[in-house]
Amino acid sequence: MAVAYYGVAMAFRFILTDVFTEAPFGGNQLAVFPDAADIDPRLLQPIARELNFSETTFVYPPHRPGSLARLRIFTPNAEIPFAGHPVVGAAFALESDGRVPASVDRLVFDLEGSAVPIDLVRDRNGKLATATMTQQKPVFLGQYHQCDLVAEALSLDPADLAITGLPCEVVSTGLPIHIVPVGSLMAMSRIRLRPGKLAEIGKTLGFGDLFVFTLETVDPTATVHCRMFAPSFGIPEDPATGSASGCLGAYLVKNRAVQVGPLTRIVSEQGLEMGRPSRVIIEVERQGEAITAVRVGGSAVVVGDGHLRAFNGTPAVAGRATG
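Residues numbered from 1 in each chain as written. Predicted model: local features only at pLDDT ≥ 70, side-chain atom pairs only at ≥ 80, totals over all residues. Heavy atoms only, no water.

Teacher, can you tell me more about the overall build of the protein here?
A count of helices and strands for the protein gives seven helices and 18 strands. Here the C-alpha atoms of the protein give a radius of gyration of 20 Å, agreeing with the 20 Å that 2.2 N^0.38 yields for 323 residues. Referenced to the eigenvectors of the C-alpha coordinate spread, the extents of the protein come out at roughly 65 × 60 × 35 Å. Counting only residues that meet the buried cut, the protein has 53% of its 323 residues in that class. A fraction of 65% describes how many contacts in the protein between residues 6 or more apart in sequence connect residues 24 or more apart. Roughly 14300 Å² of accessible area belongs to the protein as shown, and the carbon and sulfur atoms make up 53% of that amount. Taking the 27 positively charged and 32 negatively charged side chains of the protein as two groups, their mean positions are separated by 2 Å. (Helix = DSSP H or I, 4+ residues; strand = E, 2+ residues; numbered from the N terminus. Rg over C-alpha atoms; globule rule 2.2 N^0.38 Å. Buried < 20%, exposed > 50% of the residue type's maximum accessible area, 1.4 Å probe, protein only. Contact = heavy atoms within 4.5 Å. Areas by Shrake-Rupley, 256 points an atom, 1.4 Å probe, with all protein chains shown as cover. Lys, Arg positive; Asp, Glu negative; His and termini not counted. Charge placed at Lys NZ, Arg CZ, Asp CG, Glu CD.)

Explanation requested: the environment of L215 in the structure shown.
Inspection of the secondary structure assignment puts L215 in the loop between strand 12 (210–214) and strand 13 (224–230). On the basis of relative accessibility, which here comes to 40%, the residue L215 falls in the partly exposed class. When the C-alpha positions of L215 and A257 are compared, they lie 8.5 Å apart, and in sequence the two are 42 residues distant. With sequence-adjacent residues up to four places away left out, L215 is seen in contact with T223, V224, L252, A257 and V258.

I keep staring at unusual backbone geometry and nothing clicks. Help me out?
Of note, the phi angle at N52 is positive, near 65°, even though the residue is not glycine. With respect to the helices, strands and loops of the structure, N52 is situated in the loop between helix 1 (44–51) and strand 3 (55–60). Here the phi dihedral of S155 falls at roughly 60°; this positive angle occurs in a residue that is not glycine. Topologically, S155 is positioned in the loop between helix 3 (147–153) and helix 4 (158–162).

Quick question: what am I supposed to make of the layout of surface pockets here?
Regions of empty space are outlined by a rolling probe, equal in size to a water molecule, passed over the atoms. Estimated volume of the largest pocket: approximately 250 Å³. As for the largest pocket, its lining consists of 25 residues, of which L175, I177, M228, F233 and S243 are closest to the centre. Elements represented by at least two residues in the lining of the largest pocket include exactly helix 2 (85–96), strand 11 (176–181), strand 12, strand 13, strand 14 (235–238) and helix 7 (242–254). When residues of the lining of the largest pocket are assigned to their parent elements, the largest contribution, three residues, is made by strand 11. (1 Å grid on protein atoms, 1.4 Å probe; cavity = no way out; pocket = protein on both sides within 12 Å on 5 of 7 lines; lining within 4 Å. Points joined across faces, edges and corners; volume = space filled by probe spheres on them.)

Sorry if this is basic, but what is going on with the pattern of salt bridges here?
Think of it this way: side chains of opposite charge can pair up when their charged atoms draw near. A full pass over the atoms with the stated rule returns 21 salt bridges. For the salt bridge of E152 with K197, the shortest nitrogen-to-oxygen distance reads 3.4 Å. Remark: K197 occurs in helix 6 (residues 195–205) and E152 occurs in helix 3; sequence separation between them is 45 residues. Residue E152 is classed as partly exposed on the basis of its relative accessible area of 32%. Close ionic contact of E285 with R295 constitutes a salt bridge, the shortest N to O distance being 2.9 Å. (Salt bridge = Lys/Arg side-chain N within 4 Å of Asp/Glu carboxyl O.)

Where do I start with the state of the cysteines in this structure?
Every disulfide links exactly two cysteines, by a covalent bond between their sulfur atoms. Under the counting rule described, the total for this entry stands at zero disulfides. Cysteine C168 remains unbridged, with the sulfur of C147 as its closest cysteine sulfur at 3.2 Å. Among the residues examined, C168 registers a relative accessible area of 1% and is labelled buried. (Disulfide = S-S within 2.5 Å.)

Just to check I follow, could you spell out the pairing of strand 7 (residues 114–122) for this structure?
Consecutive side chains along a regular strand alternate between the two faces of the sheet. Relative to strand 7, strand 6 (residues 106–111) runs antiparallel, the two being bridged by six bridges. When the bridges of strand 7 are listed, V108 appears paired with P117. A loop of two residues connects strand 6 with strand 7, the two strands running antiparallel in sequence, and G113 in this loop sits at a positive phi of about 80°. As paired elements, strand 7 and strand 8 (residues 128–135) share five bridges and run antiparallel to each other. The partner of R122 across the bridge, within strand 8, is L128. (Pairing = 2+ DSSP bridges.)

Written out as structure tokens, the structure is:
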């Protein structure tokens, strides 16, 4: 069944940004529409599906005093209340568009139900170098004990997971993420998703998406090597995932999988298997055994802008009746 939009043809401007990378054509692609108030809300999901990036971000005037803007974030399949690379990428996109004053070193975005602060660091020329978002304090939602099923869903041997001695666990710093440990880079390279097995996991958890990591890395300066699979959101694999990275940082600290201190800094490499290398910086603060703050940040590159032509009108369902 097709959906046609009847109305006046409009051109909506977007800014194209590669997030969690210092080089063009790496990281995670993001389209930011800086003037989304001009777009019929019924077009937001079709636009995200048309562009088919992991996420597309629409920028509105803020809801809260002191916020720079309100963001709505869409995957190809659904709107989500929170995400990492759209927040970091939006900061770079709006800065490149002259909407973030050079004197500002902290800004706030309104997301659904939360205000997200972003700390900005500039280079010697005043250009934005890194943006770091503070995520929600972690909530540990429980371990998932059917690790054999998780291994099957990834086309791995259960021993590839068990060798780590670490649990499969669901963690949220704004969005629930299923964290899966794997023992080696070789095992990571063998991953092939099995949708039927993912669906079985989804029956228990409500979602079958998996954030997989190993403590073996390609870059010796990295701490972890990661892959994100989110087919339920229309994302077969994600080259850089900020929301999941915050959850992973909390998981690693809680399970003492890395050297832990009052401030634990973790460097995540992701996207290498996709040819889009990404680098995500994670910081986890603790007081005693309690995690008090989780921050995720990195660089981004604005690679261009353009206009999407669409019909800003009333959707009408067009199709053929069957029976």
